[in-house]
Every structure is written in structure tokens, then in C-alpha cells.
Amino acid sequence: MIDLIERLTGTFGPAGSEGKIRALLCEEVGKLNHNYFVDTLGNLVVTVGGRSGKKILTAAHMDEIGLMVTFIDENGFLRFTNIGGVLKETLLGTRVVFENGIVGIIGREKIKEAKNFDLNKLYIDIGAKDRNEAQKMVRIGSPAVFYTPFNRLGDRIVAKTLDNRIGCAVLLEVLKRLPSSLPNEVYFVFTVQEEVGLRGARTVSYRLEPDYGLAVDVTRVGDTPEPDYKMEVSLGKGPAVKIKDSSVICHPQVIQLMIETAETNNIPYQLEVLEKGGTDAGAIHLSKEGIRSGALSIPCRYVHSPGEMVDLNDVENGVSLLLELLKKNW
Ligand code: CO
Ligand code: ZN
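Residues numbered from 1 in each chain as written. Chains lettered and ligands numbered in written order. Predicted model: local features only at pLDDT ≥ 70, side-chain atom pairs only at ≥ 80, totals over all residues. Heavy atoms only, no water.

A. Representation of the overall build of the chain in the model. Within the chain one finds 8 helices and 17 strands. A globule of 330 residues ought to have a C-alpha radius of gyration of about 20 Å, and the chain, at 20 Å, matches this closely. Considered along the principal axes of its C-alpha atoms, the chain spans approximately 60 × 40 × 40 Å. Considering the chain as a whole, with its 330 residues, one finds that 56% of them fall into the buried category. Taking the contacts inside the chain whose residues are at least 6 apart along the sequence as the reference set, 76% of them involve residues at least 24 apart. Taken as a whole, the chain presents about 14,400 Å² of accessible surface, with 47% of it coming from carbon and sulfur. Measuring between centres, the 39 positive side-chain charges of the chain sit 3 Å from its 43 negative side-chain charges. (Helix = DSSP H or I, 4+ residues; strand = E, 2+ residues; numbered from the N terminus. Rg over C-alpha atoms; globule rule 2.2 N^0.38 Å. Buried < 20%, exposed > 50% of the residue type's maximum accessible area, 1.4 Å probe, protein only. Contact = heavy atoms within 4.5 Å. Areas by Shrake-Rupley, 256 points an atom, 1.4 Å probe, with all protein chains shown as cover. Lys, Arg positive; Asp, Glu negative; His and termini not counted. Charge placed at Lys NZ, Arg CZ, Asp CG, Glu CD.)

This is how it looks when you write it as C-alpha cells:
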């Protein structure tokens, strides 16, 4: 599974430009002999199980945060805007890569007062000598993502975009391990444009009309020195059952089912209240007349930075929990 995670995190796919990551996911899904299709916005939908029973939509977003070129100056430096929740303090000195493989390094102008530090003080240097040369390499609107290595640190891994390629890896692994028959019809959906407002999840849940929704994504943790928010979730103590975040208050029936399933199968789990942040369940639960929804979260440090960290035990336990959940009657 670790090779798969490395390939997923190393593949380009900012919100709105998911072509490469979707191609990799289609290739992986194609090996498994399940039916799948790609919808209008680019969500990848894999359908499993019979036509009887409940319809369950489980969603992991395939997109990542990124940067987009807004202006190229006469000396060839690129100004940019954010795609999704980019943290400006993580950018200085970070390398980025464009879809065509062009690499850049982020520099900044002189700043007199720290409070004036903003994205508009930063630029991307792609080594171009002037505007003309830069325009041959990128254009206005070209998106870029972080260009940082994948490392294994014992039980933990650090890489870019574990948010949410780790969720994609969990869905793929569950697809591989599914028993031959399931009590429910399950849609495994790899969504687009989550990072800019849960957009792919919105249209796909409207189309599929599921009875239940379950997002698989990362959550923040409270186990690092002086975190921004006090929080119970730690790395390595199990996947988290989401109770609430900024986008959704999870349905009590789904929460209860997740907790019961974890306990009866001796899978460690944690309860998550995320004060700032959202996930696809936020869009799914508001679809049509409302859909009972919840979320399974993989604890992750340094979310939205160039180096995010998860614990492989949480990933493995997340796979077990989702697998056991899908075997149950909802
Ligand atoms: Co995110
Ligand atoms: Zn996410």
C-alpha cells in the first residue's frame, strides 16, 4: 500500500486540473474489474454491490490545494493566487511544479512589517530571464502544486497532499479487499474540487441520490507543540469518527454505526470535533432532501503544508473500519 500512497501523492492534481490523478485512479480501479464512470465535472464513480439494500456513497477527494499564475512580470517572475486553503507562512523557500514539469521556487519581496506579509508579496521564480522566456514555460492560469519528497519515518510518512490522497488510498484498498457480495449498493467516489468548496461532491451526490454519505478525508490533530486549537485527536491512536466540523454535523445514526463497528471489531478509533475545516460530507448531506452523512478521518499533522504527516497504523485501521462498515446493514 505504501508504494500506492507514494504514487498518489506524487501525482499532479490541484482542484480543477485533476486529469493526471484521475488517470492514475482509473488505472488502479481498472485492475479490479468493477464498473466505473467519470461524470461531467470529472468525479470518478465506482459502483459495487447489488441493487437491493441501501445506497451508500463513500467519497474521497482526489484534488489538492495549489497555486495559479496571475501575472508574469517583465523579468520573468510569476505572481500567483491560491487554489484552496494555502497557508502563506509555509510557502517561502518551497518548490512548486507545474503540470508540464516546470519547477519553480518561491521567493518574497522585502517586507517592512510582518503584518503586511501576504501572498501578493511572494513570487515564483522558474529560472526565466524575462517575460518572453517565462511565457514559453507557463501562462496565465497555469496551476502548480508543491514539489516535495515522499519520506517514510518509521510508522509514519511525510509527503505533500496526503490530504487527501490518503483517503483515495483507503478507498482503493477497501475496493481490493471487498467480499464478493455486499448487503448494500456502494458508490466509491473520487471527487474533484473539494479544496475550493466541496464542488464535485455536490453534483455527484445529486446524481446518485444515496441513502447515506460517508466522506473519507484527513483531519487535523492536537498532539503537536501548542496547536492552534485544543483537540483530542492524535497521530497513531486510530482513525477518527467525525462528530462535527465547519461543514457538517454528522448524523447520529452514522456516528453510532461507526462507533459500534469499531468496538465490535476491536478497531481503535477517536472522536473528532474539528473547529476549522470541512469535507465532502458537508456538500453530500445537503443534497436533495438531505442525506444522512458522516465522515471517517485519518489524523494528519501539518495539513495543507508542503509536508503532511500520517501514521500508517491509522491508515490500516481506517481501511479495516470502512471495510467492516460496508459489510453491515445500514
Ligand atoms: Co484539504
Ligand atoms: Zn481534504
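B. Representation of the coordination of the cobalt ion (ligand 1) in the model. Those protein atoms acting as donors to the cobalt ion (ligand 1) are D163 (OD), E195 (OE), E195 (OE) and H304 (NE2), and they sit at 1.9 to 2.5 Å. Its 4 donor atoms give the cobalt ion (ligand 1) angles of 55 to 146 degrees at the centre, a pattern that matches the irregular case. For the cobalt ion (ligand 1), all donor residues lie on one chain, and their spacing in sequence is D-x31-E-x108-H. (Donors = N, O, S within 2.8 Å, 3.2 Å for Na, K, Ca; no water. Tetrahedral: all angles 85-135°; square planar, octahedral: opposite > 155°, others 65-115°.)

C. Local environment of the coordination of the zinc ion (ligand 2). For the zinc ion (ligand 2), the full set of protein donor atoms is H61 (NE2), D163 (OD), D217 (OD) and D217 (OD), at a range of 2.0 to 2.6 Å. Viewed at the metal, the 4 donor atoms of the zinc ion (ligand 2) are separated by angles of 51 to 145 degrees, and the geometry they form is irregular. In this model, the zinc ion (ligand 2) sits 3.1 Å from the cobalt ion (ligand 1), the two metals being bridged by D163. Residue H61 is found in strand β3 (residues 55–61), and its partner D217 is found in strand β13 (residues 212–219); the two are separated by 156 residues along the sequence. Assessed through its relative accessible area of 5%, D217 is described here as buried.

D. Representation of the domain arrangement of the chain. Examined at the domain level, the chain breaks down into domain 1 (2–64 + 160–327) and domain 2 (66–146). Just the C-alpha atoms count here: the centres of domain 1 and domain 2 sit 31 Å apart. The junction of domain 1 with domain 2 conceals about 1,100 Å² of combined surface from both sides, 68% of it contributed by carbon and sulfur atoms. Area buried by domain 1 at its contact with domain 2 is led by F12, H304 and P306, which between them contribute 44% of it. The tally of links between domain 1 and domain 2 comes to 2 residue pairs in polar contact (both at pLDDT 80 or more). Broken down by class, the residue content of the side of domain 1 that touches domain 2 amounts to 6 nonpolar, 3 polar and 4 charged. (Domains from an automatic or database assignment. Buried area = accessible area lost by both parts, 1.4 Å probe. Polar contact = N/O pair within 3.5 Å; in protein donor to acceptor, adjacent residues only side chain to side chain. Nonpolar A, V, L, I, M, F, W, Y, C, P; charged D, E, K, R; others polar.)

E. Structural context of the sheet that holds strand β11 (residues 156–159). Within the open sheet, the 3 strands sit side by side as β10-β11-β17. Their pairing is antiparallel. Each edge of the open sheet carries a strand with a single partner, namely β10 (151–153) and β17 (308–311). Geometrically, the sheet is characterised by an average inter-axis angle of 25 degrees between neighbouring strands, direction not taken into account. The pairing of β11 with β17 spans 4 bridges and is classified as antiparallel. Bridge pairing links I157 to V310 in β17. Contacts from helix α8 (residues 312–327) reach β10, β11 and β17, with the element oriented near 60 degrees to β17. (Pairing = 2+ DSSP bridges. Axes fitted to C-alpha atoms, helices over the stretch in contact; angles between N-to-C directions.)

F. Up close: helix α6 (residues 252–264). For α6, built from 13 residues, the straight-helix expectation of 18 Å at 1.5 Å per residue is met to within 8% by its first-to-last C-alpha distance of 18 Å. All buried positions along α6 are accounted for by V254, I255, L257, M258, I259, T261 and A262. Against the buried residues of α6 lie β13, β14 (240–244), β15 (270–273), β16 (292–299) and α8. Directly beyond the C-terminal end of α6, a positive phi value near 55 degrees is found at N266. (Expected span 1.5 Å × (residues − 1).)

G. Layout of the packing of aromatic side chains. Counted according to the given criterion, the structure contains 2 aromatic pairs. Plain terms: the ring middles of F77 and Y123 are 5.0 Å apart, the flat faces sit at 65 degrees to each other, and that makes the pair edge-to-face. In this pair, F77 sits in the loop between β4 (66–72) and β5 (78–83) while Y123 sits in strand β8 (residues 122–125), placing the two residues 46 residues apart along the sequence. Since its relative accessible area comes to 27%, F77 is described here as partly exposed. Sitting over the ring of Y206, K288 keeps its end group 4.3 Å from the ring centre. (Phe/Tyr/Trp six-rings, centres within 6.5 Å; stacked < 30°, edge-to-face > 60°. Lys NZ or Arg CZ within 6 Å of the ring centre and 35° of its normal.)

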